[in-house]
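Listed here are the chains, written in short residue letters.
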Amino acid sequence: MFLEKLKEQINFTNHEKEVARYILEHMDKIPSMSSKELAEASFTSKATVVRLSQKLGLAGYQEFKLRLVEEISQKNRLSQMLEGEPITDQSSYTDIIHTLPILYDKAVTNTRLALDKNVMNRINNVLQRAECIDIYGTGISYILAQSAVFKFATLGMECSAYESINAHYLAARKNKKTIAFLISFTGANRTMIQIAKYLRKGTNNYVVGLMGPHNQVIYKLCHEIVEIPNRDSLLSLDVITSFSAVTYVLDIFFSLLLAKRYEEHAKSSLEMLEHADLLLDKIRKDTNEI
């Protein structure tokens, strides 16, 4: 970055450092100053100003001013965009442990307010009759898919997470009632679009997109879309909010499935508790061996 070079002052002479220091302290004045005026204000010479411009890889002082104006504009735009960010370079541990729950709460609240009850009920009706649940994701959304699979599996559902299409598997299981959830924080993930296209045209899967706001293309390929609010954060905080939002939606469907299978699940949980000591004994044995 142009301004960073002025701050670092690598291989600058003492006179060039004086010019750089003046520029950084009076950036708002530089665009209207000539090289002679800048030299006088920094107590150096016009030749020093020109040499500094060339040392920065520029043709001369006029290009220097154009680049400076451009970078100041970008810096101001970035500052404006960062004004609403809840975490800054000044955030302390105390600030962060209070900020994160607020981010989680906003993500869940905004998602809840955006949910269409009719859409959720239609998805739930298909989910209750499904024999299999497939959840697709890429990168961090695949990790989220794996987490959801674990939860659904505790209810005895046949459930799997995928990062791509397994055509042989889908063909062999074509007669099973399957609901497929596709996760994309943006809604514009190319891999998810291709997966949606294959599932919709090549299988009998009921395709549900859990998508960010940029879902115009994939919208036509899914039976239903549950839109996930996206902050478009510059600081990767969109990952936190999107992850929380998708987790919330999947937990709604998990809870709906649990509610319908409550007695069956309670019975299986009691049976599991009857043999819990065997699992604990194994853990103790493994621990002792270590």
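Everything that follows concerns the structure shown earlier in this document.
Please read these numbers as outputs of a predicted model, since none were measured by experiment. (Residues numbered from 1 in each chain as written. Predicted model: local features only at pLDDT ≥ 70, side-chain atom pairs only at ≥ 80, totals over all residues. Heavy atoms only, no water.)

A. Representation of the overall build of the chain in the model. In terms of regular secondary structure, the chain is built from 14 helices and five strands. When the 290 residues of the chain are sorted by exposure, 37% land in the buried category. Within the chain, counting contacts between residues at least 6 apart in sequence, those at least 24 apart form 69% of the total. A total accessible area of about 17500 Å² is found for the chain, and carbon and sulfur atoms account for 54% of it. (Helix = DSSP H or I, 4+ residues; strand = E, 2+ residues; numbered from the N terminus. Buried < 20%, exposed > 50% of the residue type's maximum accessible area, 1.4 Å probe, protein only. Contact = heavy atoms within 4.5 Å. Areas by Shrake-Rupley, 256 points an atom, 1.4 Å probe, with all protein chains shown as cover.)

B. Seen up close, the pattern of salt bridges. Taken as a whole and assessed by the stated rule, the structure comprises eight salt bridges. Linking K7 and E4 is a salt bridge whose minimum nitrogen-to-oxygen distance equals 4.0 Å. Of the two residues, K7 and E4 both sit in helix α1 (residues 2–8), three residues apart, roughly one turn of that helix. Note on K7: relative accessible area 47%, which makes it partly exposed. (Salt bridge = Lys/Arg side-chain N within 4 Å of Asp/Glu carboxyl O.)

C. Quick peek at the packing of aromatic side chains. In total, this model carries five aromatic pairs according to the counting rule given. Judged by centre distance (5.7 Å) and plane angle (20°), the rings of Y61 and F64 are stacked. Taken as a pair, Y61 and F64 lie in helix α5 (residues 61–82) at a separation of three residues, close to a single helical turn. Taken as a pair, Y61 and F64 share a single burial class, namely buried. Each ring, one from F152 and one from F254, has its centre 6.0 Å from the other, and the planes form 75°; the classification is edge-to-face. Taken as a pair, F152 in helix α8 (residues 140–153) and F254 in helix α12 (residues 237–260) lie far apart in primary sequence, 102 residues in all. (Phe/Tyr/Trp six-rings, centres within 6.5 Å; stacked < 30°, edge-to-face > 60°.)

D. Quick look at the nonpolar core. Counting 34 residues, the largest nonpolar core has I133, I135, F152, I179, F181, I183 and L210 as the members making the most contacts within it. For this core, the secondary structure elements donating two or more residues are α7 (117–129), β1 (132–136), α8, β2 (158–162), β3 (178–184), β4 (206–211) and α12. In terms of residue count, the dominant contributor to this core is α12 (seven residues). Excluding residues that lie within four positions of it along the chain, I133 makes contacts with L127, F152, M157, E158, C159, S160, I179, F181 and L257. Counting residues in each nonpolar core, the second largest holds 21 residues, with L6, I30, L58 and I72 among its members. (Core = buried A, V, L, I, M, F, W, Y, C linked by side-chain atoms within 4.5 Å.)

E. Inspection of the environment of A107 at higher detail. Examined against the element boundaries, A107 turns out to sit in helix α6 (residues 93–114). Assessed through its relative accessible area of 7%, A107 is described here as buried. In sequence terms A107 and S242 are 135 residues apart; their C-alpha atoms lie 7.2 Å from each other.

F. Highlighting α8. Its 14 residues give α8 an end-to-end C-alpha distance of 20 Å, which sits within 8% of 20 Å, the value for a rise of 1.5 Å per residue. Buried residues of α8: S141, Y142, L144, A145, A148, V149 and F152, and no others. Taken end-on, α8 shows its buried residues confined to a sector of 150°, consistent with a single buried face. (Expected span 1.5 Å × (residues − 1). Arc of directions from axis to C-beta.)

G. Broad picture of the packing of helix α2 (residues 14–25) against helix α4 (residues 46–55). One can describe the packing of α2 onto α4 by two numbers: an axis separation of 9 Å at closest approach and a directional angle of 80°. Between α2 and α4, the interaxial angle falls into the category roughly perpendicular. Contacts from H15, E16, V19, A20 and I23 of α2 reach α4 at T48, V49, R51, L52 and K55. Counted by class, the contact of α2 with α4 contains five nonpolar, two polar and three charged residues. (Axes fitted to C-alpha atoms, helices over the stretch in contact; angles between N-to-C directions. Parallel < 35°, antiparallel > 145°, perpendicular 65-115°, else oblique. Nonpolar A, V, L, I, M, F, W, Y, C, P; charged D, E, K, R; others polar.)

H. Spatial organisation of the side chain of D134. Relative to the assigned elements, D134 resides in strand β1. We classify D134 as buried; its relative accessible area is 0%. If near-sequence neighbours (up to four positions away) are discounted, D134 is found in contact with S160, Y162, Y169, L170, R173, T178, I179, A180, F181 and N205.

I. Local environment of the pairing of β1. In terms of burial, β1 is largely enclosed, as five of its five residues are buried. Side-chain alternation along β1 places C132, D134 and Y136 on one buried face and I133 and I135 on a second face that is also buried. Summarising the sheet, β1 and β2 pair through five bridges and their orientation is parallel. In the strand pairing of β2, I133 is matched with C159. Once you follow β1 into α8 and on to β2, the crossover reads as right-handed. As paired elements, β1 and β3 share five bridges and run parallel to each other. Opposite I133, over in β3, you have I179 as the bridge partner. (Pairing = 2+ DSSP bridges. Right-handed = clockwise from strand over helix to strand, strands pointing away.)

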